[in-house]
Amino acid sequence: SQQGEEDPQALSIQEGENATMNCSYKTSINNLQWYRQNSGRGLVHLILIRSNEREKHSGRLRVTLDTSKKSSSLLITASRAADTASYFCAMPRDSLKGGSQGNLIFGKGTKLSVKP
Amino acid sequence: GAVVSQHPSWVICKSGTSVKIECRSLDFQATTMFWYRQFPKQSLMLMATSNEGSKATYEQGVEKDKFLINHASLTLSTLTVTSAHPEDSSFYICSARSAFGTEAFFGQGTRLTVV
């Protein structure tokens, strides 16, 4: 299975602190994506990092990818209460076949709670 | 990003009845739509992939006769849960991708509760 595994499963921090979530996967990928899901809501695409990239930034988000270790991390700096949500990594189902970007396999997610 | 609208956002139905969930791409033509299911505190699991004008491809273990998918136009796909049972209660999310896009956009999800 190519499913990603996030850790930790849950993370509770204070506002202003940084939050780091990790994702490990099993097979080769051509990209990895991170999504955010507020409780009971749909998914919001945060960032996509390609297999030939090692690091990518978007605002307060920083994503790294280590293909040798088959792992990625999402760092949220200077967290805010509004960052409270579940965060999922996801990867194309058939990366080796250049599969559709929409056909994704999701990790189990990290539930982040940011206390004001 | 592109907008995908899913309706209804929540629905409660009685066991044995059928429920239809709509997924619309509002500002682009979605040649491919994906339906996911998410149980409480779990991840999203792909149920099926539908391409406009053709039959949906179901994932292993998903009953195609129970979860009917229709993708009759480039902006609309529907998922009908037939003869719903309490174990079908879940959060259903669609995503849509255009023929030229590399990213799929997600709807806001539908919370189905079968009583």
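Residues numbered from 1 in each chain as written. Chains lettered and ligands numbered in written order. Predicted model: local features only at pLDDT ≥ 70, side-chain atom pairs only at ≥ 80, totals over all residues. Heavy atoms only, no water.

Caption draft 1: The environment of Ile21(B), seen in detail. Residue and element names in this part refer to chain B. Considering the arrangement of structural elements, one finds isoleucine 21 in strand E3 (residues 19-25). Judged by relative accessible area, which is 0%, isoleucine 21 ranks as buried. Separated by 72 residues in the primary sequence, isoleucine 21 and isoleucine 93 have C-alpha atoms spaced 9.5 Å apart. Setting aside chain neighbours within four positions, we find isoleucine 21 in contact with Gln6, His7, Pro8, Trp35, Ser77, Thr78, Leu79, Tyr92 and Thr110. (Helix = DSSP H or I, 4+ residues; strand = E, 2+ residues; numbered from the N terminus. Buried < 20%, exposed > 50% of the residue type's maximum accessible area, 1.4 Å probe, protein only. Contact = heavy atoms within 4.5 Å.)

Caption draft 2: Highlighting the interface of chain A and chain B. With 17 residues of chain A at the contact, the number on the chain B side is 20 residues. Here chain A and chain B share an interface that buries about 1,400 Å² over both sides, 53% of which is from carbon and sulfur atoms. At the junction of chain A and chain B, the tally comes to 0 salt bridges. Here chain A and chain B share 4 residue pairs in polar contact (both at pLDDT 80 or more) between them. Secondary-structure elements contributing two or more residues to the side of chain A that touches chain B are strand E4 (31-37), strand E5 (43-50) and strand E10 (104-106) of chain A. Tallied by class, the residues present in the side of chain A that touches chain B amount to 5 nonpolar, 9 polar and 3 charged. (Buried area = accessible area lost by both parts, 1.4 Å probe. Salt bridge = Lys/Arg side-chain N within 4 Å of Asp/Glu carboxyl O. Polar contact = N/O pair within 3.5 Å; in protein donor to acceptor, adjacent residues only side chain to side chain. Nonpolar A, V, L, I, M, F, W, Y, C, P; charged D, E, K, R; others polar.)

Caption draft 3: Quick look at the state of the cysteines. Residue and element names in this part refer to chain A. Going through the model one piece at a time under the given rule, you end up with 2 disulfides over all chains. With its sulfur 2.0 Å from that of its partner, cysteine 23 forms a disulfide with cysteine 89. On the sign convention where negative means left-handed, the S-S torsion of about 65° between cysteine 23 and cysteine 89 marks this disulfide as right-handed. Here the residue cysteine 23 occupies a position in strand E3 (residues 19-24), and cysteine 89 occupies one in strand E9 (residues 85-92), the gap between them amounting to 66 residues. For cysteine 23, a relative accessible area of 1% puts it in the buried group. For cysteine 89, a relative accessible area of 0% corresponds to the buried category. (Disulfide = S-S within 2.5 Å.)

Caption draft 4: Main features of the side chain of Thr49(B). Within the element layout of this structure, Thr49(B) appears in strand E5 (residues 44-51). Here Thr49(B) falls in the buried class, since its relative accessible area comes to 12%. If near-sequence neighbours (up to four positions away) are discounted, Thr49(B) is found in contact with Asn103(A), Thr32(B), Met33(B), Phe34(B), Ala56(B) and Thr57(B).

Caption draft 5: Representation of the environment of Ala72(B) in the model. Residues and elements named next belong to chain B. Within the secondary structure, alanine 72 sits in strand E7 (residues 67-73). Residue alanine 72 is classed as exposed on the basis of its relative accessible area of 60%. Measuring from C-alpha to C-alpha, the distance between alanine 72 and asparagine 51 comes to 8.9 Å, with 21 residues separating the pair along the chain.

Caption draft 6: Structural detail: the sheet that holds strand E7 (residues 61-66) of chain A. All names here are of chain A. One open sheet holds the 5 strands; their spatial order is E1-E3-E8-E7-E6, and the pairing between them is antiparallel. One side of each edge strand has no neighbouring strand; the edge strands of this open sheet are strand E1 (5-7) and strand E6 (55-58). Across the sheet, the mean angle from the axis of one strand to that of its neighbour is 15°, orientation sign disregarded. Strand direction decides the pairing type here: E3 and strand E8 (residues 71-76), joined by 6 bridges, are antiparallel. From the neighbouring strand, asparagine 22 faces E8, where its bridge partner is serine 73. (Pairing = 2+ DSSP bridges. Axes fitted to C-alpha atoms, helices over the stretch in contact; angles between N-to-C directions.)

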